[in-house]
Amino acid sequence: MIDHHSSAASGAVLGLSALAHDPAAALIVDGRLVAAVEQERIDRIKRSTAFPAGAVQAVLDEAGLRLGDVDRVAYYWNDRGQAARALYSACLQAPANTAGFARMARQRLRGLAAPARVADGLRPLLGGAPAPPLDFVDHHEAHLVAAWASAPFDAEAALVVDGRGEVHSTSLYDLRGGPSAPPRLLETSPFPDSLGVFYGAVTQLLGYRALSDEYKVMGLASYGKPNEHWAERIGSLLRVGADGRPKVHIPSLQPENCSSAELDWLTARARRRLSGPFRDADGSFTADAYDFAYAAQEALERGLLGLLRRLVERTGATKVVLVGGVAMNAAAVGRARASGIVDELHVPLAPTDAGASVGAALAVLRRRGLPLPPPGELTDPFVGPGFGPGELRAALVASKLPFREVDGPAAAAAAIADGRLVGWFDGRMEFGERALGARSILGDPRKAETRDLINASVKRRESYRPFAPSVLEEHSSRYFATGRSRRMGEIVAVTPTAHAEVPAVVHVDGTARPQTVPKDWPARRFRALIEHFARITGVPMVVNTSFNVRDEPIVCTPDDALRCFASSGLDQLYLGDFVVDKEAFGG
C-alpha cells in the first residue's frame with residue numbers, strides 16, 4: 001500500500017486522459033479525490049473521443065475552483081524522450097509496406113505534438129489566467145499508480161495489460177521495495193504484441209467496434225463451447241508460450257490501424273483465415289460465432305493467467321494489482337482470482353484509460369512527495385456530479401411533469417417487488433463503467449422475464465447480454481462464489497440457490513457478475529433500497545444495470561434521466577425522493 005501521508009500541502013492537481021479513447025478528468029485537492037468524470041457523460045456521446053473540456057469543467061465545479069487555481073495538470077501519456085524507441089518499434093512491427101510504415105511513423109510522431117494539443121484544449125477554460133504547469137506521466141505508470149494507491153493491501157507486484165502505451169502493451173513490475181521506493185520494471189512486451197490488440201481484432205471479426213464493444217464478445221462467449229476448428233484458428237493469432245508469455249502473430253496485424261476503431265486491425269489475408277459464417281440471414285449470431293467468441297475468450301484468459309504466473313515466478317509475490325483495459329474483462333479477472341495463483345488480487349475502480357486520469361494525478365503527487373488520498377477514497381465510485389433536492393425539484397418543475405415526494409428507497413423497493421422497472425437517480429454519479437447504485441435501472445431478480453423485459457423494452461440491446469445482481473454483501477456467498485465484489489469487476493459461478501431464487505441474474509453458463517453492497521457502502525440509500533426489498537420479498541438483491549438506453553452513455557444530470565425515462569420502457573423514475581410515473585408521459 002502506497003504511503004498516503006505527508007506533512008506538505010499538495011494543492012490541486014488535475015489529471016487528464018485525452019486525445020484518444022476514454023477521455024476523462026480527475027481532480028485531487030490537498031490529498032483528497034474531489035471528483036472524476038468521463039467526457040462521454042458530459043457531452044452525451046457514447047465512447048466520446050472529444051477533448052475532455054466538459055469533464056474538466058465538471059470536476060472544477062465540484063471543487064468550486066477555476067482552472068487557473070490548479071497547481072499542476074498531469075497528463076496520462078508521455079512521448080517525450082521516447083520518439084527513437086517508438087520509431088524503432090514501428091520499424092520492427094510495421095508491415096513490410098511503405099504506406100503502412102509511413103502511417104505508423106506519423107502516428108508515433110504526432111504524439112510529440114501532445115503538449116500543444118493539450119494546451120489548446122485547456123485554453124478556453126482559463127479565462128485569460130496563466131496555464132498551470134503540465135506534467136507528463138508514462139501511460140503504464142499512470143495505470144500502475146492508480147492500482148497501487150487504491151489497493152487495500154501492501155501490493156508486492158503489478159501487471160499492466162492494455163492495447164498499447166507509448167511503446168509497450170504489457171508491463172510487469174516488482175513493488176517489493178515498498179511505498180517509498182520506485183517500482184522496478186521487470187519486463188515489457190512491445191506494441192502491437194498485445195492481448196488488448198488481439199481481443200480488439202476479434203471484436204472486429206464479429207462485427208463489433210474495437211476499443212468499445214469488447215465486453216459484448218465476452219458475453220457472447222458464454223453461449224459457445226469448445227470447438228477444435230475455431231481454437232486452431234484463434235491459436236494462429238495468439239499463442240501462450242511455455243514461459244507464460246502470450247505472443248500475437250504480428251504479420252496478421254496492421255499495426256498502423258490498431259489505434260483506430262474505424263480501420264481494420266487485421267490484414268485481409270488474416271481476416272479471410274479467421275472469419276466464418278458468423279451471422280444468419282436475419283442478422284442473428286450463428287453457433288460458429290458463439291464458438292469463435294468462446295475460443296477467443298479462452299485464449300485471452302490463458303494469456304492473462306500466463307502473465308500472472310510469470311509475474312509471481314519472477315517476484316514471489318502473493319499480493320498483486322492488475323490494471324489496464326484488459327482488466328475490464330470480468331470473466332478473465334474472475335478466473336484469475338479463482339485460480340489461486342495469488343492470495344490477493346486488486347483491480348482499481350476504473351482500470352481503463354479513464355482511470356489513468358486519476359493515476360496521472362497520483363503519480364505527479366507521488367513524484368513530489370505529497371500526500372495521496374487514502375485507498376478507501378480511491379475505491380469510492382461516487383465522485384461524479386451530484387444534485388441536491390432543490391436541483392432535482394427544479395428539473396421536475398421545468399419538465400412540467402406531475403411528480404410525488406416519497407421515501408425513495410422504500411417506495412422504489414415496493415415498486416420493484418410489484419414487478420415494475422424503475423430508474424434510480426440518487427447522489428453523485430459513478431466514475432467508471434459500472435452503475436453501482438447512483439445511476440441505475442433496477443428490477444426484480446426473482447423473475448426470469450425481468451432480464452428479457454429490460455433488454456427488449458428498456459435497454460434495446462442484444463438478447464444474449466446478462467444483467468448484474470446487487471446483493472447485500474453479508475448474503476453474497478449464499479448465491480455466488482464470492483463474498484466480496486463491490487464494483488462488478490469479476491464474473492463468478494452461481495450457487496443452486498441462485499438458480500432457484502433469482503433466475504434473472506443467472507447467465508446461460510451458470511455465472512453472474514455481482515455487486516456486493518456492504519453495510520458501509522457510500523451510496524447508503526441504495527443499500528437501504530435493497531434492505532427494504534429483502535424485507536418485502538426475502539431476497540436480498542435487485543437486478544442492476546446502468547441507467548441508459550442503447551448507444552447512449554449513463555445518465556449524468558436530472559434532465560438526462562428524464563429524457564431517458566421518457567424514451568424507454570421504464571415504469572417509474574426516482575430522482576432522490578421524487579418519483580414520476582410513466583403515466584405522466586401518457587404511456
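Preceding block: the structure.
Residues numbered from 1 in each chain as written. Predicted model: local features only at pLDDT ≥ 70, side-chain atom pairs only at ≥ 80, totals over all residues. Heavy atoms only, no water.

(A) Representation of the sheet that holds strand S1 (residues 12-17). Across the sheet, five strands lie side by side as S3-S2-S1-S4-S5; this open sheet has mixed pairing. Two strands lie at the open edges of the sheet, namely strand S3 (32-38) and strand S5 (134-136), each paired on one side alone. Direction aside, the axes of adjacent strands within the sheet are offset by 20 degrees on average. Summarising the sheet, strand S2 (residues 24-29) and S3 pair through six bridges and their orientation is antiparallel. Counterpart to Val29 in the pairing with S3 is Arg32. This element, helix H13 (residues 353-367), spans S1, S2, S3, strand S4 (72-75) and S5 of the sheet and lies at about 145 degrees to S1. (Pairing = 2+ DSSP bridges. Helix = DSSP H or I, 4+ residues; strand = E, 2+ residues; numbered from the N terminus. Axes fitted to C-alpha atoms, helices over the stretch in contact; angles between N-to-C directions. Contact = heavy atoms within 4.5 Å.)

(B) Broad picture of the nonpolar core. Leu14, Leu16, Tyr75 and Phe431 are the most contacted members of the largest nonpolar core, which has 69 residues in total. In terms of residue count, H13 provides more of this core than any other element does, nine residues in total. Not counting residues within four places of it along the chain, the set of residues in contact with Tyr75 comprises Leu16, Ala18, Leu19, Ala114, Val118, Leu134, Asp135, Phe136, Val137 and Ala360. Val217, Ile250, Leu300 and Val347 belong to the second-largest nonpolar core, a separate cluster that totals 62 residues. (Core = buried A, V, L, I, M, F, W, Y, C linked by side-chain atoms within 4.5 Å. Buried < 20%, exposed > 50% of the residue type's maximum accessible area, 1.4 Å probe, protein only.)

(C) The arrangement of the sheet that holds strand S19 (residues 515-517) in detail. Pairing within the open sheet is mixed, and its eight strands lie in the order S13-S22-S21-S14-S15-S20-S16-S19. The open sheet has two free edges, formed respectively by strand S13 (404-405) and S19, since each of these has just one partner strand. Pairing geometry for strand S16 (residues 468-472) and S19, over three bridges, is parallel. Among the inter-strand pairings, Val471 is bridged to a residue of S19, identified as Thr516. Sheet contacts for helix H17 (residues 449-459): strand S15 (439-443) and strand S20 (541-546); angle to S20, the most-contacted strand, approximately 25 degrees. Along the sheet face, helix H21 (residues 558-567) touches strand S14 (422-425), strand S21 (572-575) and strand S22 (578-581) and points at about 175 degrees away from the line of S21.

(D) Spotlight on helix H11 (residues 287-315). Between its terminal C-alpha atoms H11 stretches 42 Å, which fits the 42 Å expected from 29 residues at 1.5 Å a residue. Of the residues trailing H11, Gly316 is marked for its positive phi of about 70 degrees. (Expected span 1.5 Å × (residues − 1).)

(E) Main features of the pattern of salt bridges. Summed over all chains, the structure comprises 33 salt bridges. Among the ionic pairs, Arg44 bridges to Asp560, the shortest N-O distance being 3.7 Å. With Arg44 in the loop between helix H1 (39-43) and helix H2 (53-63) and Asp560 in helix H21, this pair connects stretches of sequence that are 516 residues apart. Judged by its relative accessible area of 25%, Arg44 falls in the partly exposed class. Asp560 sits in the buried class, given a relative accessible area of 7%. Where salt bridges share partners, they join Glu187, Arg245, Arg310 and Arg314 into one cluster. (Salt bridge = Lys/Arg side-chain N within 4 Å of Asp/Glu carboxyl O.)

(F) Looking closely at the pairing of S15. Taking burial as the measure, the five residues of S15 include five buried ones, the bulk of the element. Burial along S15 is two-sided: the residues Arg439, Ile441 and Gly443 and Ser440 and Leu442 are all buried. Bridge count between S14 and S15: four bridges; the pairing is antiparallel. When the bridges of S15 are listed, Val422 appears paired with Leu442. Where S15 meets S20, four bridges bridge the pair, whose relative direction is antiparallel.

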